[in-house]
Each structure stands twice: as C-alpha cells, then as structure tokens.
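Structural characterization, general
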Amino acid sequence: MDVAHLSFREKTNLGSFYTPSRLVGLAYDLFARVSGAVDVVLDSSCGYGAFFSVPFPQKNVRFIGADIDEVALNVATENFSRVHFLHENALKNINREKYGIFSHERLVIVGNPPYNDVTSRVKNHIKRENPCEMDSDVRTRDLGISFLLSFEKLSPEYVVVLHPLSYLIKQANFKLLEPFMRKYALREALVLNSREFSDTSKNNGFPIVVAVYERNTFGTTYTDIVRRRFMTLEGVSFSISDYDYVCRYISKYPSRFQRNTGISRYKFFTMRDVNALKRSRTFISDDTANTIYIPTEKLELYCYVDIFKDYSQKLPYFLGNFDVMINRDEFEKIKNDFLVLSIEKHPEIFSEEFLPVPKDVSNRAFRRVDFYFKNLFKGVA
Ligand SMILES: C[S@@+](CC[C@H](N)C(=O)[O-])C[C@H]1O[C@@H](n2cnc3c(N)ncnc32)[C@H](O)[C@@H]1O
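First things first, this report covers the structure right here in the doc. (Residues numbered from 1 in each chain as written. Predicted model: local features only at pLDDT ≥ 70, side-chain atom pairs only at ≥ 80, totals over all residues.)

Quick look at the overall build of the protein chain now. For the protein chain, the count of helices and strands is 14 helices and 14 strands. If one aligns the C-alpha atoms of the protein chain with their principal axes, the spans along those axes are about 75 × 40 × 40 Å. Counting over 381 residues, the protein chain shows a buried share of 36%. Considering only contacts within the protein chain whose residues lie at least 6 apart along the sequence, 72% involve residues at least 24 apart. (Helix = DSSP H or I, 4+ residues; strand = E, 2+ residues; numbered from the N terminus. Buried ≥ 20, exposed ≤ 12 C-beta atoms within 10 Å, placed from the backbone. Contact = placed C-beta atoms within 7 Å.)

This is the structure in structure tokens:
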C-alpha cells in the first residue's frame with residue numbers, strides 16, 4: 001500500500017517509501033534459505049506494516065511492529081491483528097525491553113528502514129539536518145546506516161532488510177557500519193532497482209540490496225564485499241573485482257596540498273561515483289574548492305573520465321555506486337582517441353593548445369572508444 005497520509009517533504013524526511021509485498025516475499029524467500037528457528041519478528045520502522053502482509057516462513061513466532069509515525073501505525077493496527085504495534089523512535093534508547101523482547105528470545109529484525117543521507121545533495125532543499133533524535137552511538141549522516149547500527153544493539157540472530165547497495169560498496173559507508181559488520185555475516189544478497197518502489201527516483205534508479213545477515217564471529221569484511229559476486233533481480237551477476245578503477249591512477253578529489261602553480265593548464269571537477277558523474281561537470285575553467293589541477297602527463301586519463309561520462313548513461317543501475325572503471329592496458333593503446341574526443345567536446349577548454357579535430361579523425365576515435373567500452377562492459381551493459 002502506498003503512503004497516503006504524508007506530504008512529499010514528510011515522506012523524504014521520514015524515508016517513508018513502503019515496500020511492495022512482492023519484494024517482502026523475495027526477502028522472506030532469501031531468509032528461508034539460511035534461517036534457523038526464531039521466536040520474535042521485529043520491524044522497528046514498519047510503516048503500514050508491509051512486512052506483516054506476507055506469510056513469514058516460520059510458525060509460532062511473535063510479531064512486533066514499531067514506527068515513529070503514529071498515523072502510519074494506526075493504519076497498520078487496523079490491518080494486522082496478530083501483530084503487537086508500538087509507537088517508538090527506533091534510534092533512541094535502543095534496547096530489547098522497550099519492545100518487550102526477552103534476552104533469551106531468538107530475534108529476527110526485518111524491514112526496510114528509512115534511507116536518508118542528510119549530506120547528499122539529492123532533494124537537499126527539503127531535508128532536515130536532524131530527522132529525529134538518536135542515541136549518540138548510532139548517530140551518522142544517514143538514517144539507514146544508523147538503523148543498521150541500532151539493530152546490532154538488539155542482538156538479533158538475523159537481519160533481513162532492504163538497504164542501498166552503496167552501504168556495502170562505498171568504503172566510507174562500510175566503515176561507518178563497522179560495529180554491525182563485525183558481528184554480522186552477509187549470507188544472502190539480491191540487488192534490485194529503487195524504481196521497483198512505486199514513487200521513488202522516477203528518473204535515476206539507484207541499486208538497493210535485499211540482504212540477509214546472520215550473527216556470527218566472522219562478520220563481513222570489506223574484502224568479502226570486493227570479492228563477492230552479487231546477483232540482480234534481473235539475473236545479472238557482477239563484482240567489484242571484475243574491474244580496475246581509474247582512481248588508482250588519478251585523484252578523484254582536490255588534494256589538500258595542491259596549488260595551481262600555473263603549470264597545469266587543465267582543470268577537472270571532483271569525481272565521485274558513476275551516478276554522480278552522470279550529473280556532474282568534467283573539464284572546467286574555474287578555480288573552486290572542487291577543482292582538481294591536472295598534471296600534464298595524466299591529461300588522457302581525465303579525458304577518459306570525460307568520455308566515460310557520456311557512455312555512463314548506458315550503464316545499468318547496479319553499477320551506479322562504482323568508481324569509474326578502466327582497462328588500463330586497452331586504454332594505453334587508444335589513449336589519444338580519448339584526448340581527441342575531449343578536444344572535440346570542449347573546444348573552449350582545448351582551443352588554446354590544440355587545433356580543431358577533423359571529423360574523420362574524431363569518427364575513427366569514436367568507433368575505437370565505443371568498441372573499448374563495449375568490451376569493458378561485456379555481459380552487463
Ligand atoms: C522505508 S519506510 C518502510 C516502512 C515499512 N517497513 C515497509 O517496508 O513498508 C521507513 C519507515 O521508517 C519510519 N521511521 C523513520 N524514522 C524512524 C525512527 N527514528 N523510528 C522508527 N521509525 C522511523 C518512517 O515513519 C517509515 O514508516
């Protein structure tokens with residue numbers, strides 16, 4: 001059921017995008033593959049109760065639902081009589097007692113906690129800096145990361161949740177999740193497009209993972225994530241370790257010590273992931289806090305990123321959080337082609353040093369570059 005009682009601004013701040021039952025069913029199928037018996041099922045951000053609308057794969061369990069949004073809870077209470085509902089802030093005073101869960105009970109936490117990165121620029125104009133009160137040990141810039149940290153404090157046997165894939169892939173996020181990841185092993189993971197939710201990200205889908213975590217002594221390390229082969233709902237598999245990345249050879253951000261000494265003629269805008277690159281500028285002429293000064297010997301690598309941006313529109317949603325990929329050996333063979341295409345694309349930047357490129361030269365460069373990208377993304381794009 002779609003959220004009916006909140007404005008767009010409220011929905012964004014509470015992260016209230018409810019889960020279609022099809023996806024809940026999928027999460028429970030994954031859980032059924034790995035699960036041992038549990039006593040209690042808790043969704044601490046249950047909204048209208050989507051996770052109670054699909055049969056849970058075990059019998060004789062207690063169901064508990066909580067949410068900070070009282071109106072949503074009223075709807076849930078009317079719909080699911082076998083569930084015990086509580087009006088609670090899941091991120092404040094985090095302990096089992098407040099949900100009435102005993103310490104000996106085997107708990108599974110299910111759900112689709114809100115994701116809302118207060119520092120990201122998407123929908124920035126309507127986001128509150130502090131969407132709700134939270135305990136200091138789970139406070140982070142992203143509500144969803146705080147939620148995962150809050151789960152660890154309740155010591156569940158299993159955690160069955162949907163969350164952005166970027167929590168795993170981006171090392172800065174993974175680091176924030178360390179207290180959780182140290183204790184929980186990622187047992188099952190299925191990646192899907194955020195567009196599977198009815199009204200989020202109509203234009204730019206981002207990857208979400210349906211994840212089953214199990215408490216054990218190994219936990220999940222970032223190396224596990226790098227080596228892991230992820231499957232998508234569409235049946236494609238991919239891995240971080242399938243690629244080499246351009247950020248191994250050039251800087252993504254301005255260095256704190258860099259100064260434009262007048263030697264570097266070319267400037268580039270800060271790079272983040274593939275999805276960010278789709279929207280951001282590449283070669284620029286102004287000096288700002290986001291300006292990277294390009295060393296002459298690296299110019300072709302930055303041209304590569306500039307041309308990669310054009311191709312990135314064709315990449316599937318599940319590669320959106322990746323850094324810019326490269327095949328360094330193949331790149332070396334045709335690096336001049338990237339320069340040619342950037343010269344053609346940005347005459348205002350390059351005209352001082354380079355003559356305009358004849359059309360047949362740029363056509364040939366384009367064909368070789370196109371062939372390069374098709375090979376690089378063989379099997380996924
Ligand atoms: C993405 S929705 C998911 C709802 C439900 N689990 C589902 O899958 O349909 C996130 C929910 O988190 C709730 N929420 C946001 N902050 C919360 C908090 N601090 N404590 C409890 N619930 C919260 C919102 O009200 C919203 O209902």
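Following the structure, the description resumes.
A few words on helix α12 (residues 335-345). The set of residues buried in α12 consists of D337, F338, L339, V340, L341, S342 and I343. Residues of α12 that are buried sit in contact with β12 (283-284), α10 (299-312), α13 (347-350) and α14 (359-376).

The subject of this paragraph is unusual backbone geometry. Apart from glycine, the bulk of residues carry a negative phi angle, and the bulk of peptide bonds sit in the trans form. Positioned with a positive phi, N60 is a non-glycine residue whose angle comes to about 55 degrees. With respect to the helices and strands, N60 occurs in the loop between β1 (40-43) and β2 (62-67).

Pairs of packed helices are described in terms of their axes, by the angle between the two and the distance that separates them. Taken N-terminus to C-terminus, the directions of α10 and α12 make an angle of 65 degrees; their axes are 8 Å apart at the nearest point. Crossing geometry of α10 relative to α12 is assigned as left-handed. Packed against α10, whose contacting residues are L299, E300, C303, Y304, D306 and I307, the element α12 presents K335, F338, L339, L341, S342 and K345 at the interface. Across the contact of α10 with α12, the residue classes tally to seven nonpolar, one polar and four charged. (Axes fitted to C-alpha atoms, helices over the stretch in contact; angles between N-to-C directions. Left-handed = near helix turned anticlockwise from the far one by under 90°. Nonpolar A, V, L, I, M, F, W, Y, C, P; charged D, E, K, R; others polar.)

Looking now at the sheet that holds β12. Pairing is antiparallel in the open sheet, where three strands are placed in the order β12-β11-β13. If you trace the sheet from one side to the other, it starts and ends with β12 and β13 (291-293), each paired once. In this sheet, β12 lies alongside strand β11 (residues 267-269) in antiparallel orientation, the contact comprising two bridges. Paired with K267 across the strands is I284, a residue of β12. (Pairing = 2+ DSSP bridges.)

Pairing in this open sheet of nine strands is mixed, and the strands run β3-β2-β1-β4-β5-β7-β6-β8-β9 from one edge to the other. Taken across any chain shown, the strands that pair with only one partner, and hence form the sheet edges, are β3 (83-87) and β9 (237-238). Bridge count between β2 and β3: five bridges; the pairing is parallel. What sits directly across from D67, in β3, is H87. Each of β2 and β3 is contacted by helix α3 (residues 70-79), which is oriented at about 165 degrees to β3, the strand it contacts most.

Purely geometric stuff here, so don't read any function into it on its own.
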